[in-house]
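# Coordinate inspection notes
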Amino acid sequence: MLPTPDTSHVPYNRVYEPAEDSFLLLDTLSSPSETAFLSSRFCSTSPSSPSPPNFGAPLVLEVGPGSGVVIAFLTAHASTIFGTPHVLTTAIDVSPFACAATNLTVRKAVSEAEAEAEAENPSTSGQWTSAIQGDLVSPLRPGSVDVLVFNPPYVPTPGLPAPPPAPLQELRDKTTFEEDSHLLELTYAGGKDGMETTDRLIDALPGVLSERGVAYILLCAQNKPEDVKGRIRSMGTGTGEGEGWKAETVGTSGKQAGWEKLQIVRVWR
Amino acid sequence: MKVMTLNFLTCAVKNCKSSNDSFPLHPKEAELAKDDIEINPQLLINVLPRIDWAALRTTSTELGFPTLPEQPPSPEDLQSDEALLKELHELLMETQMMEGKLVCGHCGHEYAVKNGVANFLLPSHLV
Ligand SMILES: [Zn+2]
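Definitions and cut-offs
Residues numbered from 1 in each chain as written. Chains lettered and ligands numbered in written order. Predicted model: local features only at pLDDT ≥ 70, side-chain atom pairs only at ≥ 80, totals over all residues. Heavy atoms only, no water. Helix = DSSP H or I, 4+ residues; strand = E, 2+ residues; numbered from the N terminus. Buried < 20%, exposed > 50% of the residue type's maximum accessible area, 1.4 Å probe, protein only. Contact = heavy atoms within 4.5 Å. Donors = N, O, S within 2.8 Å, 3.2 Å for Na, K, Ca; no water. Tetrahedral: all angles 85-135°; square planar, octahedral: opposite > 155°, others 65-115°. Buried area = accessible area lost by both parts, 1.4 Å probe. Salt bridge = Lys/Arg side-chain N within 4 Å of Asp/Glu carboxyl O. Polar contact = N/O pair within 3.5 Å; in protein donor to acceptor, adjacent residues only side chain to side chain. pLDDT = per-residue confidence, 0-100. UniProt positions renumbered as here; feature names shortened; annotations may be inferred. Pairing = 2+ DSSP bridges. Patch = residues over 30% accessible without salt bridge, like charges linked within 9 Å, V, L, I, M, F, W, Y side chains within 5 Å. Areas by Shrake-Rupley, 256 points an atom, 1.4 Å probe, with all protein chains shown as cover. Lys, Arg positive; Asp, Glu negative; His and termini not counted. Charge placed at Lys NZ, Arg CZ, Asp CG, Glu CD.

Counting its secondary structure elements, chain A contains eight helices and seven strands. Every one of the 269 residues in chain A was classed for burial, and the buried ones make up 57%. Within chain A, counting contacts between residues at least 6 apart in sequence, those at least 24 apart form 78% of the total.

And the structure:
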């Protein structure tokens, strides 16, 4: 088992604490079937690689990293997960506290992994670039992302919380209880069917993913995962030719009365 | 924020996405820091194909780094040109922008960089 990154420095009163959904992402992305899929897609030294080596190091993005536990895990164990340490990683979150927490979580996880690997194989970790504060993928160039991971605010709620106002966009030591509640609400409140934010992300996928791009999106049962997958499969390719979009469930947890409570959907073309 | 990040960031304003002037963003009043990282030629060779070379040249000049060659080096060039290898390593891997602003050349919007984190959240009138 790959070690789970240390998040003991994260202020859980205003940043989402790693939970069942985060751990399902870790388990799924490090499962033999997903590491085989990712390695064959992104490790140019693999003989079965469908992508010519000149695409270069893939860019791995987590949207809404919160504590940073998932992107730290992907960065620290890049060699195991992607078949190569030559991977660039980044993350985008609306919260300045999540961005700061993520930067620290990744740095800690990488130095731990490097200390563990020692002389034998010194570079098993990917290259962390930095957390960026922003709304979903809006700061990124079109076609720039090769692997996108999203643990969305998926809980159905009557409405969506407002984006953080200017004073909540800056790091500071003291926040009020109301501000902390607002920041936490942003991490889970998903609006109608819990899908309002996830729908915006799905709409942005054709623009932001590269040709070989793949996305992993976490859904809960109330999100109506079968409908979501159907909708993704019917997305246009934009070019009118070539392969369409695929969407398959590649990880599940928490069976309840025959329903999977949470699942990870892989989206690619 | 590693300087390399500037190579995949653009203005968050929707109307700017299609304009060539929105990329790369222009650093302003940039305070840089340098991490000490061991040089890894193979990593650089694998990173280079995904770098927009013209944009990197602009960024390099704007941050006061040496002017990069007009054409991106081939893997062979890079392996035999130690000086260029070192320059690229320093610029892409080691240099961090800690404070300052990133300015869009199309709409003029300035994105603040604080504690090494760039803030791309837009004021409501620009969303
Ligand atoms: Zn702009």
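Residue and element names in this part refer to chain B. All of the protein donors around the zinc ion are Cys11 (SG), Cys16 (SG), Cys104 (SG) and Cys107 (SG); their distances to the metal are 2.3 to 2.4 Å. Geometry at the zinc ion is tetrahedral, judged from its four donor atoms and the angles of 104 to 114° they form at the metal. Within one chain, the residues serving as donors to the zinc ion are arranged as C-x4-C-x87-C-x2-C. Pair noted here: Cys11 is in the segment before β1 (26-34) and Cys107 is in the loop between β2 (95-103) and β3 (110-114), with a separation of 96 residues, a long-range link.

This part takes up helix α1 (residues 20-29) of chain A. By the criterion of burial, α1(A) is predominantly enclosed, with seven of the 10 residues buried. Listed in full, the buried residues belonging to α1(A) are A:Asp21, A:Ser22, A:Leu24, A:Leu25, A:Leu26, A:Thr28 and A:Leu29.

Listed as interface residues are 30 residues of chain B and, on the opposing side, 32 residues of chain A. Contact with chain A buries surface across chain B, with B:Phe8, B:Arg50 and B:Leu121 losing the most and accounting together for 29% of the total. Along the contact surface separating chain B from chain A lie three salt bridges. One salt bridge connects A:Glu170 with B:Lys114, and the closest N-O pair in it is separated by 2.8 Å. There are 15 residue pairs in polar contact (both at pLDDT 80 or more) connecting chain B and chain A. Elements that contribute at least two residues to the side of chain B that touches chain A include exactly α1 (41-47) and β4 (117-118) of chain B. If you tally residues by element for the side of chain B that touches chain A, the top one is α1(B), at four residues.

This part takes up the confidence of the model for chain A. Note that predicted coordinates carrying low pLDDT should not be read in detail. With 90% of its residues at a pLDDT of at least 70, chain A reaches an overall mean of 91. Under a pLDDT of 50 for its full length, residues 46-53 of chain A has, in the predicted model, 11 contacts with residues more than four places off or in other chains.

A separate point is the UniProt feature "domain: TRM112" in chain B. Per the UniProt entry, the sites bearing "domain: TRM112" are residues 2-123 of chain B in this numbering. Along residues 2-123 of chain B one finds 30% helix and 20% strand; the C-alpha atoms at either end are 25 Å apart.

Residue and element names in this part refer to chain B. Spatial ordering of the open sheet is given by β1-β2-β3-β4, a layout of four strands whose pairing is antiparallel. With one partner strand each, in any of the chains shown, β1 and β4 form the two edges of the open sheet. Pairing geometry for β2 and β3, over four bridges, is antiparallel. Following the sheet pairing, Gly100 is matched in β3 by Val113.

Take the pairing of β3(B) next. Residues and elements named next belong to chain B. Only one face of β3 is buried, namely the one carrying Tyr111 and Val113, since none of Glu110, Ala112 and Lys114 on the opposite face is buried. Counted along the chain from β2 to the antiparallel partner β3, the turn is six residues long, and its residue Gly108 has a positive phi close to 80°. As judged from the two bridges shared by β3 and β4, these two strands associate in the antiparallel manner. Bridge assignment links Lys114 to a residue of β4, and that residue is Val117. Counted along the chain from β3 to the antiparallel partner β4, the turn is two residues long, and its residue Asn115 has a positive phi close to 50°.

Residue and element names in this part refer to chain A. Examined against the element boundaries, Gly236 turns out to sit in the loop between α8 (225-233) and β6 (246-256). The class of Gly236 is exposed, set by a relative accessible area of 53%. In this structure the C-alpha to C-alpha distance between Gly236 and Glu170, which are 66 residues apart in sequence, comes to 39 Å.

Moving on, we come to a negative patch on the surface. On the surface, B:Glu76, B:Asp77, B:Asp81 and B:Glu82 cluster together to form a negatively charged patch. Turning to its location among the elements, B:Glu76 is positioned in helix α3 (residues 75-80).

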